[in-house]
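Secondary and tertiary structure notes
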Amino acid sequence: MFQERVEVNVELRTRDARAVVVRHDAEPAREVDPAELPLDSGLPEALHEWARVVAAVSRNADTASLAQVGPLVSRRGHQLAARLARSMDRVVDYVDPFTGDIAPVEPSAERAEQGPEPVAQPRVRAVRAESEAGAGITFYGRPPALVDEETVPNVPRPAGTPWATGLTVAGAAALLVALMLLALTVTLADASLLLAIGAAIVLTAGMSPSIWLLRRVLIWRWVAFGACAGLAAGWLGLPFVLG
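Read on for a plain summary of the structure. (Residues numbered from 1 in each chain as written. Predicted model: local features only at pLDDT ≥ 70, side-chain atom pairs only at ≥ 80, totals over all residues. Heavy atoms only, no water.)

A word on the packing of helix H4 (residues 163–189) against helix H6 (residues 220–242)
Where H4 meets H6, the axes come as close as 7 Å, and the angle between the chain directions of the two elements is 35 degrees. As for the relative orientation of H4 and H6, their crossing is right-handed in sense. Taken together, the residues that form the contact of H4 with H6 break down as 22 nonpolar, 6 polar and no charged. (Axes fitted to C-alpha atoms, helices over the stretch in contact; angles between N-to-C directions. Helix = DSSP H or I, 4+ residues; strand = E, 2+ residues; numbered from the N terminus. Left-handed = near helix turned anticlockwise from the far one by under 90°. Nonpolar A, V, L, I, M, F, W, Y, C, P; charged D, E, K, R; others polar.)

Take a look at the structure:
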């Protein structure tokens, strides 16, 4: 007679931003790091990367964002559970990190023809899933591994720094501020040298808070950098103008 093989129940869940494989072959159940198991190449790294995304979503997402992003992350976990089941050749109970629901995943051949996911990827990119209300959360990692691009299409890539346009704007702002400072001091110097220097100090002090606030604002930061350079150039030119 053939004796039926009894397989050990295995669960895939997350704990403290780490993926763990729970084995129920002993009491109490043992939590095993996927890296300690003989799994397919790249699978332990993909599991831990998914667990970090789960932790980030749970910690930062509001209700609206979680309602939209949560199913995407859960779907990715289910896909990884299928890979884990095929790699271990046994049924894996996938524990949804957001709802706690348990779904058994069998080691089917689904998507096997696509081959394993590549281990090495280019530089880390960010994929931002926006909620309808405008709130969102940014995930860092491999975009195909975190969010299904069919579900979140046309993810925009961050544009590069517009150096040519920015430097042109900064140069124009610097020239305008420098000429304004020198023109003011030259005009007031005919009446009093101290009055001209005082006016230059007041002008510089008045512009400094605006420059400081705009230094991190897109587009306007170039104006701020130019204004700062113009003030410096104006003060350097004062001795030659008033001398």
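A short note on the sheet that holds strand E5 (residues 102–105)
The mixed open sheet is built from 5 strands, whose spatial order is E3-E2-E1-E4-E5. Looking at which strands have only one partner, the edges of the open sheet turn out to be strand E3 (30–32) and E5. Averaged over all pairs of adjacent strands, the angle between their axes in this sheet comes to 35 degrees, without regard to strand direction. Where strand E2 (residues 18–23) and E3 come together, 3 bridges link them in antiparallel fashion. Paired with Val-22 across the strands is Glu-31, a residue of E3. (Pairing = 2+ DSSP bridges.)

Structural notes on the pattern of salt bridges
Opposite charge on two side chains allows them to pair when their charged atoms are near. Tallying each qualifying case throughout the model produces 3 salt bridges. For Glu-11, the salt bridge identified is with Arg-13, shortest N-O distance 2.9 Å. Exposure remark for Glu-11: the relative accessible area of 11% places this residue in the buried category. Judged by its relative accessible area of 23%, Arg-13 falls in the partly exposed class. A salt bridge links Arg-15 to Glu-31, with the nearest nitrogen and oxygen atoms 2.6 Å apart. Of this pair, Arg-15 sits in strand E1 (residues 10–15) while Glu-31 sits in strand E3, and the two are 16 residues apart along the sequence. (Salt bridge = Lys/Arg side-chain N within 4 Å of Asp/Glu carboxyl O. Buried < 20%, exposed > 50% of the residue type's maximum accessible area, 1.4 Å probe, protein only.)

Structural notes on unusual backbone geometry
Positive phi, normally seen in glycine, also occurs at Asp-89, with a value near 55 degrees. Among the secondary structure elements, Asp-89 is positioned in the loop between helix H2 (63–88) and strand E4 (92–95). In this model, Ile-219 sits at a positive phi of 70 degrees, which is unusual for a non-glycine residue. Along the chain, Ile-219 turns up in the loop between helix H5 (193–214) and H6.

Some words on the nonpolar core
Counting 26 residues, the largest nonpolar core has Leu-12, Trp-50, Val-73 and Leu-84 as the members making the most contacts within it. Counting residues per element, the ones that place at least two in this core are E1, E2, helix H1 (43–60), H2 and E4. Aside from chain neighbours lying at most four places away, what touches Leu-84 is Leu-12, Val-21, Leu-39, Leu-43 and Val-92. By size, the runner-up hydrophobic cluster in this structure holds 10 residues, among which are Val-177, Leu-181, Ala-200 and Ile-211. (Core = buried A, V, L, I, M, F, W, Y, C linked by side-chain atoms within 4.5 Å. Contact = heavy atoms within 4.5 Å.)

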